[in-house]
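# Residue-level structure breakdown
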Amino acid sequence: MEQRTCNIIMCCKGHCKLVSEYDTSRDAIAAYMGAECDFPAERYIDPMLERIVLWALYDYIDHADRPSYDLMNLFYQYATKNPPLLERICAMFNAVSVTDGERYLNGFTEELIKQSEIDLSPEKYKDNVYPVDAPG
């Protein structure tokens, strides 16, 4: 699994310290990508974020222990509403298992999780400076 995929999943699980605990997975992913790519988080629109999480989904599925179960969660968990794909993937990522209590699952490793804690903390990006009103 790529580090970015792990970080996006951790954003969906509420581990991103770049946003408040009340922000959505979408906001956390935008904050992380904005900090990582030195691009204003508020400039990430939903179609951009959907493409980003789709690539993370492809990478995750390549490493998942039970990809059919994860895909079932992605496509069949909504009985009364039809949320956008971005929201569905974030909900699926929120539900994936990282460990079984004894070992890592689904392509996660101790190294990925430790790096994710660093990557999702404000200290890593404290020197990133970019104009908020950048044309684009």
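Reading guide: rules and limits
- Residues numbered from 1 in each chain as written.
- Predicted model: local features only at pLDDT ≥ 70, side-chain atom pairs only at ≥ 80, totals over all residues.
- Heavy atoms only, no water.
- Helix = DSSP H or I, 4+ residues; strand = E, 2+ residues; numbered from the N terminus.
- Rg over C-alpha atoms; globule rule 2.2 N^0.38 Å.
- Buried < 20%, exposed > 50% of the residue type's maximum accessible area, 1.4 Å probe, protein only.
- Areas by Shrake-Rupley, 256 points an atom, 1.4 Å probe, with all protein chains shown as cover.
- Axes fitted to C-alpha atoms, helices over the stretch in contact; angles between N-to-C directions.
- Parallel < 35°, antiparallel > 145°, perpendicular 65-115°, else oblique.
- Left-handed = near helix turned anticlockwise from the far one by under 90°.
- Contact = heavy atoms within 4.5 Å.
- Nonpolar A, V, L, I, M, F, W, Y, C, P; charged D, E, K, R; others polar.
- Core = buried A, V, L, I, M, F, W, Y, C linked by side-chain atoms within 4.5 Å.
- pLDDT = per-residue confidence, 0-100.
- Patch = residues over 30% accessible without salt bridge, like charges linked within 9 Å, V, L, I, M, F, W, Y side chains within 5 Å.
- Salt bridge = Lys/Arg side-chain N within 4 Å of Asp/Glu carboxyl O.

### Thoughts on the overall build of the protein
Summing up its helical and strand segments, the protein has six helices and zero strands in all. The C-alpha radius of gyration of the protein comes to 15 Å, within 12% of the 14 Å expected for a compact globule of 136 residues. The buried share of the protein, reckoned over its 136 residues, is 39%. Surface accessibility of the protein: about 8,100 Å² in total, with carbon and sulfur atoms responsible for 52%.

### Here's the deal with the packing of helix α3 (residues 46-63) against helix α5 (residues 85-95)
The interhelical angle for the contact between α3 and α5, taken along N-to-C directions, is 40°, at an axis separation of 9 Å. Put simply, α3 runs oblique to α5. The handedness of the crossing between α3 and α5 is left-handed. Between α3 and α5, the residues in contact are Asp46, Leu49, Glu50, Val53, Leu54, Ala56, Leu57 and Tyr60 and Leu85, Leu86, Ile89, Met92 and Phe93, respectively. Along the lines of polarity and charge, the residues of the contact of α3 with α5 split into 11 nonpolar, no polar and two charged.

### Notes on the environment of Arg43
Looking at the secondary structure, you find Arg43 in the loop between α2 (25-37) and α3. Given a relative accessible area of 23%, Arg43 falls into the partly exposed group. Considering only alpha carbons, one finds Arg43 and Ala30, 13 residues apart in sequence, at a separation of 8.4 Å.

### Digging into the nonpolar core
Grouped together as the largest cluster of nonpolar side chains are 38 residues, with contacts concentrated most on Ile8, Ile9, Met10, Ile29, Tyr60, Phe93 and Phe108. Taken together, the elements giving at least two residues each to this core come down to α1 (3-12), α2, α3, α5 and α6 (110-119). Not counting chain neighbours up to four residues away, the residues in contact with Phe108 comprise Met1, Cys6, Ile9, Met10, Tyr60, Val96, Ser97, Val98 and Ile113.

### As for the confidence of the model for the protein
Overall, the predicted model of the protein reaches an average pLDDT of 90, with 90% of residues at or above 70. Taken together, the stretch residues 130-136 has pLDDT below 50 and engages in 11 contacts with residues farther than four places along the chain or on a different chain.

### Observations concerning the side chain of Ser116
Considering the arrangement of structural elements, one finds Ser116 in helix α6. Sequence-distant contacts of Ser116, defined by excluding residues within four places in its chain, comprise Gln3, Cys6, Asn7 and Met10.

### So, a nonpolar patch on the surface
A surface patch of nonpolar side chains, about 490 Å² in accessible area, is lined by Tyr69, Met72, Phe75 and Tyr76. Relative to the helices and strands, Tyr69 is located in helix α4 (residues 67-76).

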